[in-house]
Amino acid sequence: MKEFTEEMINGCIDSVKALAEEINGLPEMNFSEIPVGRSVLVVVDIVNGFIREGAMASSYIESIIQPSAALAKRFNAAGMPIAAFADCHKKGCAEFAAFPEHCLDGTSESELVDELKAVGGYTLIKKNSTNGFHEEAFRSFLAKHPEVDSFIVIGDCTDICVLQFCLALKTYFNCTDRKCDITVPLSCVETYDAPYHNAALTDLAAYKLMSDSGIRFVKNIK
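Residues numbered from 1 in each chain as written. Predicted model: local features only at pLDDT ≥ 70, side-chain atom pairs only at ≥ 80, totals over all residues. Heavy atoms only, no water.

A. Quick peek at the packing of helix α6 (residues 158-175) against helix α7 (residues 199-211). Where α6 meets α7, the axes come as close as 10 Å, and the angle between the chain directions of the two elements is 5 degrees. On the basis of the axis angle, α6 is roughly parallel to α7. Counting all contacts with α6, which are made through Thr158, Asp159, Val162, Leu163, Cys166 and Leu167, the residues of α7 involved are Thr202, Asp203, Ala206, Leu209 and Met210. Taken together, the residues that form the contact of α6 with α7 break down as seven nonpolar, two polar and two charged. (Axes fitted to C-alpha atoms, helices over the stretch in contact; angles between N-to-C directions. Helix = DSSP H or I, 4+ residues; strand = E, 2+ residues; numbered from the N terminus. Parallel < 35°, antiparallel > 145°, perpendicular 65-115°, else oblique. Contact = heavy atoms within 4.5 Å. Nonpolar A, V, L, I, M, F, W, Y, C, P; charged D, E, K, R; others polar.)

B. Summary view of empty space enclosed by the protein. A full pass over the atoms with the stated rule returns one cavity of 30 Å³ or more. If you add up the space inside the largest cavity, you get close to 40 Å³. Residue lining of the largest cavity: Val43, Ala72, Ile82, Ala84, Leu112, Leu116, Val119, Gly120 and Tyr122, and that is the complete set. Sorting the residues of the lining of the largest cavity by element identifies β2 (82-87) and α4 (114-119) as the ones contributing at least two each. Taken together, the residues that form the lining of the largest cavity break down as eight nonpolar, one polar and no charged. (1 Å grid on protein atoms, 1.4 Å probe; cavity = no way out; pocket = protein on both sides within 12 Å on 5 of 7 lines; lining within 4 Å. Points joined across faces, edges and corners; volume = space filled by probe spheres on them.)

C. How the structure looks around the environment of Phe141. Structurally, Phe141 is set in helix α5 (residues 136-144). Apart from residues no more than four positions distant in its own chain, Phe141 is found in contact with Val40, Pro81, Ile82, Ala83, Thr123 and Ile125.

D. A look at a nonpolar patch on the surface. On the surface, a nonpolar cluster with roughly 340 Å² of combined accessible area is contributed by Phe4, Met8, Ile9 and Ile13. Secondary-structure assignment places Phe4 in the segment before α1 (6-24). (Patch = residues over 30% accessible without salt bridge, like charges linked within 9 Å, V, L, I, M, F, W, Y side chains within 5 Å. Areas by Shrake-Rupley, 256 points an atom, 1.4 Å probe, with all protein chains shown as cover. Salt bridge = Lys/Arg side-chain N within 4 Å of Asp/Glu carboxyl O.)

E. Up close: the pairing of β2. Most of β2 is tucked away, with six of its six residues classed as buried. The side-chain alternation of β2 yields two buried faces, one formed by Ile82, Ala84 and Ala86 and the other by Ala83, Phe85 and Asp87. The pairing of strand β1 (residues 39-44) with β2 spans four bridges and is parallel. Bridging across to β2, Val44 finds its partner in Phe85. Across five bridges, the pairing between β2 and strand β3 (residues 123-127) is parallel. Paired with Ala84 across the two strands is Leu124, which belongs to β3. The parallel pair β2 and β3, bridged by α4, forms a crossover whose chirality is right-handed. (Buried < 20%, exposed > 50% of the residue type's maximum accessible area, 1.4 Å probe, protein only. Pairing = 2+ DSSP bridges. Right-handed = clockwise from strand over helix to strand, strands pointing away.)

What follows is the structure, encoded as structure tokens:
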């Protein structure tokens, strides 16, 4: 990687401004646009351990809980499937070399927040890495729903688990020459804010990487 010059940094600022304007101008999506019979709601890690307790918790993400639960209710009412990932690890798992110990199996950290539990109607998929696409249970879910080619993806963190899942899903369908529509409503995704991890900046970067790969973003689903 090249060393960053002042000119390069200024160029980044211009790009950030342009991306922010693009995001601020995103349209809303009507729930009626979601094709019944071909769609699934994918909930990524709206668990206690990333929001309300533990070493990886961030109250910054709390804002997505209510709109996510409301969207899940509408999927249930429409008879459309929901797959809900829950980060879940054993003691000493390989991921803890990069992240603090979190979401241990059998603890409340690894459970979905109560608001989503109350909605119900989902297939729970425990995941042992940041990318839930690799879980055999998710691949089995896909196999059981061969009609699905439209995915609404919500959850956290935008720049880690959501990003990795969406890119893996999109490229998997591309590899098999199948059409795949992935939509991410901004009102239902968020990341954490911390030193050297500015939430606004990482959200912008995630948006850019995913949209460049053909993943659609909308302001919200009304």
